[in-house]
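So the chains spell out like this:
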Amino acid sequence: MSAVKGLATRHARRTRRLWRIGVVVALVVACAGLTLFEFWSLRHSLRAHIEVQAQIVADNSEAALVFRDRAVGAEVLSALRASPSVRQAMILDAKRRRFAAFERAPAEESQSMRGHLLEPHQNATSLAVLRPVMRAGKPIGWVYVLAGLESVYWHLLVYAAVAVATALLGMAAASLLVSRLRRAVEHAEARLDYLAYYDPVTNLLNRHGFNERIAFSLSRAQRFGGQVGLLLLDLDNFKVINDTMGHQAGDALLSALGQRLRESLRQGDTVCRLGGDEFAVIVDNVGTAQEVELVAAKIVRTLEMPLMVTGQQVYVTASCGVSLYPEHGGDARTLVRTADTAMYCAKESGKNAFRVFRPEMNQRAFRRMSLENSLRKAMENGDLRLRYQPKVDLRTGRIVGAEALLRWVHAEDGSISPAEFIPVAEESGLIVPLGAWVLHTACREARRWEEAGLGRIPVAVNLSARQFKDQGLLAAVLHALDESALAPDQLELELTESMLMENVEANIELLRELRTRGVRLAIDDFGTGYSSMGYLKRFPIRSLKVDRSFVRDIPHDRDDCAIAGAIVALAHQLELDVVAEGVENVEQLRFLAQHDCHVQQGFYFSPALAPDEFERWVREHHGRFRYGALIPSARQSGQRSGAWNNALERLA
Ligand code: C2E
Ligand code: MG
Ligand code: MG
């Protein structure tokens, strides 16, 4: 590679030298041509001048010749003294004998003149003209004028010197300009060359550079045998950081991450930034699959450590997918695809992890794709249904709300859980129209219950992250309320903590807008996300829903009891409503009720029901779930468990 480059440089240098010689020769030829032309034109004008002078003398010599007065002739000739180039002038009689003469030249020049014929002529040093002196149409004598060319040569010398100096100066200026231009072009070319292969933010190879590098690694492995490892990394929470800290901080973070990745790997490994928050690592000469796994584990661990970005400590994690040549792909495209599939699995498995590709993963990816297609069809065909799960207030036994939950019964695959198809709808963007449909249907249903005499039962609708980020959410909510004529306080929107933490300021504004219109806001699955107490105060939230994972093992699991208790206490402290979800048995019901969580939802009361079933269920169960009626022996409070006391202690 460098030999070829050296050859090209030598060739370019030789071409430049030839060019320079060519330019000099051209300039010399041009100067010589100009000087010759100048010589010719000067001699021509001198000749014309001498001819005029000779004619004047001839016109004035007639009397001198007629009266043979040499003194007059000499006087006429003396007028030529004013022309510095005239060396000698003579008036000749009809037989061309010297009659009168004017000579400027010193003795030795007169000598040289002696050799001249008294004829018009021109040579390298002089030119001569002969004019007749006419009387009555006949020549009675001649005027001979000889001029030297010294002044012409002097003039030419100066002219040539000026021409050469001008040409040299011009050439110097031009070559300076050209070399500056060349340097600028070379600089621009080098920059373009760099940008074609490198990412300017991290100084790592970009996607193009990555493609070339992996092709090189694979062809080497093909020729000499051996394995190549490909690791694809995707940062888990980069978007949050970019949105909250700004793009400059995002760039600084990426650059610091790139640096850290490079430092944590061997010299021979290549780190590339494929774009956004996606990085790739190519590991050459892999002996065993375990080696690449060790590299992946090391990367995930390295990235976990906090980074300083614009004076703040930032935590990032990454999900990493690993594939191996030749086991998981014989060419770069397949290898990237399999690593990508593995990376998605790492993300699905809870992020901050790595996964090595396995063929079953492809089936999952395929299922995901076909799920997206069927979901699209299901939406078109109206195969999705909304079911409603009641929320019960144990103090009165009344139904105080219903959560709308999507159901999809697939013709071949049977019932598909929203936990499976909602993420697919999110990724494909289908969630936005689907979410709007849920809002409309739920609002219409709640209005219908009211009209059917069930009373005001607020309906809760789950929002997904993508839907929450959508600019049209407020309009969709208002449209659904408007169209169904449902009072805004009969609609509750369930959000998750992570949704709120992305782009906090914009979210506060949107939530305040919804709140001022009267819409209720709840945090779903509370305790599973950031659980930052700060935002609970800042966001206009009305209620918290204790995640069902904390309810499941109540009252046996001390930790879950403590967490559920702490969440309930926190909600009361902040004057928020609190709802426990996933209540399946009376022990859970009793524990939660004893710890002041009176609104509950779960299979103990009812699963999610079709609208008419829900209507019937409400009519049948109104007032049935009063705590005192369910558990007559228990006092509602005062029976606090050890776990509850622990929770209070922790809070304190
Ligand atoms: P979620 O909002 O936390 O909904 C509660 C989930 O808990 C529902 O699961 C419900 O059927 C289930 N559940 C209720 N009581 C019990 C119980 O006693 N025990 C157990 N083990 N589970 C119970 P589902 O319907 O499968 O929904 C799962 C998640 O899918 C929901 O969690 C929600 O995040 C999402 N989802 C459902 N419908 C929608 C929707 O219309 N839009 C959006 N964006 N997400 C939805
Ligand atoms: Mg929910
Ligand atoms: Mg929930």
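Rules used in this analysis
Residues numbered from 1 in each chain as written. Chains lettered and ligands numbered in written order. Predicted model: local features only at pLDDT ≥ 70, side-chain atom pairs only at ≥ 80, totals over all residues. Heavy atoms only, no water. Phe/Tyr/Trp six-rings, centres within 6.5 Å; stacked < 30°, edge-to-face > 60°. Lys NZ or Arg CZ within 6 Å of the ring centre and 35° of its normal. Donors = N, O, S within 2.8 Å, 3.2 Å for Na, K, Ca; no water. Helix = DSSP H or I, 4+ residues; strand = E, 2+ residues; numbered from the N terminus. Buried < 20%, exposed > 50% of the residue type's maximum accessible area, 1.4 Å probe, protein only. Near = heavy atom within 4 Å. Polar contact = N/O pair within 3.5 Å; in protein donor to acceptor, adjacent residues only side chain to side chain. Areas by Shrake-Rupley, 256 points an atom, 1.4 Å probe, with all protein chains shown as cover. Nonpolar A, V, L, I, M, F, W, Y, C, P; charged D, E, K, R; others polar. Pairing = 2+ DSSP bridges. Axes fitted to C-alpha atoms, helices over the stretch in contact; angles between N-to-C directions. Salt bridge = Lys/Arg side-chain N within 4 Å of Asp/Glu carboxyl O. Core = buried A, V, L, I, M, F, W, Y, C linked by side-chain atoms within 4.5 Å. Contact = heavy atoms within 4.5 Å. Expected span 1.5 Å × (residues − 1). Arc of directions from axis to C-beta. Parallel < 35°, antiparallel > 145°, perpendicular 65-115°, else oblique. Patch = residues over 30% accessible without salt bridge, like charges linked within 9 Å, V, L, I, M, F, W, Y side chains within 5 Å.

Enquirer: Explain the packing of aromatic side chains to me, please; I cannot follow it from the model alone.
Expert: Aromatic rings considered in pairs are described by the distance between their centres and by the relative angle of their planes. Tallied over the entire structure, the rule returns 11 aromatic pairs. Counting every residue linked through ring pairs, the aromatic cluster contains Y604, F605, W617 and F625. Just above the ring of W142 sits the side chain of R96; from NZ or CZ to the centre is 4.7 Å.

Enquirer: Help me out: how do you make sense of the coordination of the magnesium ion (ligand 2) in this one?
Expert: Octahedral six-donor coordination of a metal ideally yields angles of 90 or 180 degrees, compared with 109.5 degrees for tetrahedral four-donor coordination. At 2.0 to 2.2 Å from the magnesium ion (ligand 2) lie its protein donor atoms, namely E403 (OE), N462 (OD1), E494 (OE) and D524 (OD). If you list the donors of the magnesium ion (ligand 2) from N- to C-terminus, the spacing comes out as E-x58-N-x31-E-x29-D. Here the magnesium ion (ligand 3) and the magnesium ion (ligand 2) are spaced 3.9 Å from one another, each receiving a donor from D524. Taken together, the positions of E403 in strand 14 (residues 398-410) and D524 in strand 18 (residues 520-526) put the pair 121 residues apart, joining distant regions of the chain. Judged on exposure class, the residue E403 and its partner D524 are both buried.

Enquirer: I tried to follow the site of ligand 1 on my own but got confused; where do I start?
Expert: Neighbouring ligand 1 are 21 residues; N462, D524, R548, E584 and F603 lie closest to it. Between ligand 1 and D525, the relevant distance is 3.1 Å, taken from an oxygen atom to a side-chain nitrogen or oxygen of the residue. Taken by itself ligand 1 offers 790 Å² of open surface, and the protein chains cover 84% of this. When contributions to the shell around ligand 1 are tallied by element, the ones reaching two or more residues are strand 14, helix 12 (418-428) and strand 18. Among the elements that take part in the shell around ligand 1, strand 14 stands out by supplying four residues, more than any other. When the residues that make up the shell around ligand 1 are grouped by side-chain class, the tally is eight nonpolar, five polar and eight charged.

Enquirer: I keep staring at the sheet that holds strand 12 (residues 354-356) and nothing clicks. Help me out?
Expert: The strands that make up a sheet are held in pairs by hydrogen bonds between backbone atoms, and each pair lies either parallel or antiparallel. Here we have five strands laid out as an open sheet, ordered 7-8-6-11-12, and mixed in their pairing. Bordering the open sheet on either side are strand 7 (270-275) and strand 12, each of which pairs with just one other strand. Averaged over all pairs of adjacent strands, the angle between their axes in this sheet comes to 20°, without regard to strand direction. Summarising the sheet, strand 6 (residues 227-235) and strand 8 (residues 278-286) pair through seven bridges and their orientation is antiparallel.

Enquirer: Just checking my understanding: could you explain the pattern of salt bridges for this structure?
Expert: For the structure shown, the criterion picks out 30 salt bridges. We note a salt bridge from R376 to E372, for which the minimum N-O separation is 2.8 Å. With R376 and E372 both in helix 11 (residues 359-381), this residue pair falls four residues apart, about one helical turn. For R376, a relative accessible area of 34% puts it in the partly exposed group.

Enquirer: Got a minute to help me understand unusual backbone geometry in this structure?
Expert: Glycine aside, residues mostly have negative phi angles, and peptide bonds mostly take the trans form. The linkage connecting Y325 with the following residue, P326, adopts the cis geometry, with an omega of 0°. One can find P326 in the loop between strand 11 (318-325) and helix 10 (332-348). Cis geometry is adopted by the peptide bond preceding P555, which originates at I554 and carries an omega value of 5°. Mapping P555 onto the fold places it in the loop between helix 19 (548-551) and helix 20 (558-573). Not every positive phi belongs to a glycine, and N203 is a case in point at roughly 60°. Following the sequence through the fold, N203 ends up in the loop between helix 5 (150-197) and helix 6 (207-224). Given a relative accessible area of 42%, N203 falls into the partly exposed group.

Enquirer: I'm lost on the sheet that holds strand 4 (residues 126-135) in this one. Help?
Expert: Read across the sheet, five strands follow the order 2-1-5-4-3 without closing on themselves; strand pairing throughout is antiparallel. Pairing within the sheet leaves two strands with one partner each, and these edge strands are strand 2 (98-103) and strand 3 (121-122). The pairing of strand 3 with strand 4 spans two bridges and is antiparallel. Opposite H121, over in strand 4, you have A128 as the bridge partner.

Enquirer: I keep staring at the nonpolar core and nothing clicks. Help me out?
Expert: The nonpolar side chains of a soluble globular protein tend to be buried with one another. L491 and L493 are the most contacted members of the largest nonpolar core, which has 85 residues in total. Sort the elements by how many residues they give to this core and helix 13 (residues 431-451) lands first, with eight residues. Setting aside chain neighbours within four positions, we find L491 in contact with L439, C443, V459, V461, V477, L481, L486, V519 and R520. Core analysis: the next-biggest nonpolar cluster, separate from the first, contains 31 residues, L204, L233, C320 and V322 among them.

Enquirer: Hey, could you run me through the coordination of the magnesium ion (ligand 3) in this one?
Expert: Taken together, the protein ligands of the magnesium ion (ligand 3) are D524 (OD), D525 (OD), E581 (OE) and E581 (OE), with distances of 2.0 to 2.5 Å. Coordination of the magnesium ion (ligand 3) draws on donor residues from a single chain, spaced D-D-x55-E in sequence.

Enquirer: Please clarify how the pairing of strand 6 should be interpreted in this entry.
Expert: Looking down a regular strand, the side chains alternate between one sheet face and the other. With nine of nine residues buried, strand 6 lies mostly within the body of the structure. Side-chain alternation along strand 6 places Q227, G229, L231, L233 and L235 on one buried face and V228, L230, L232 and D234 on a second face that is also buried. Strand direction decides the pairing type here: strand 6 and strand 11, joined by eight bridges, are antiparallel. Its bridge partner being in strand 11, L232 is matched across the sheet by G321.

Enquirer: Looking at this structure, how should I read helix 15 (residues 473-484)?
Expert: Along an α-helix, a turn takes 3.6 residues, which lines up residues three or four apart on a common side. In a regular helix each residue adds 1.5 Å, so 12 residues correspond to 16 Å; helix 15 covers 17 Å between its end C-alpha atoms and thus fits that length. Listed in full, the buried residues belonging to helix 15 are L473, L474, V477, A480, L481 and S484. Looking straight down helix 15, one finds that the buried residues subtend no more than 135° of arc, so they occupy a single side. Elements in contact with the buried residues of helix 15: helix 13, helix 14 (465-469), strand 17 (491-495) and helix 17 (504-516). Once helix 15 ends, the next one or two residues include A485, with phi positive near 60°.

Enquirer: Which parts of the structure should I look at to understand the packing of helix 7 (residues 238-245) against helix 8 (residues 247-264)?
Expert: Between two packed helices, both the angle of their axes relative to each other and the distance between the axes serve to describe the pair. It is the contact of helix 7 with helix 8, at a shortest axis distance of 6 Å, that shows an interaxial angle of 140°. By the angle class used here, helix 7 and helix 8 are oblique. Contacts between helix 7 and helix 8 involve F238, I241, N242 and M245 from the former and H247, A249, G250, L253 and L254 from the latter. Of the residues that constitute the contact of helix 7 with helix 8, the class distribution is six nonpolar, three polar and no charged.

Enquirer: Would you take a moment to explain a nonpolar patch on the surface for this structure?
Expert: Taken together, the side chains of L18, I21, V25 and V29 present a nonpolar region at the surface, about 390 Å² in accessible area. Checked against the element boundaries, L18 lands in helix 1 (residues 2-60).

Enquirer: I'm lost on the environment of L233 in this one. Help?
Expert: Mapped onto the elements of the fold, L233 is located in strand 6. In this structure, the C-alpha to C-alpha distance between L233 and A346, residues 113 residues apart in sequence, is 9.9 Å. Residues contacting L233, with those up to four places away along its chain left out, are L261, D277, E278, F279, V281, I299, A318, S319 and C320.

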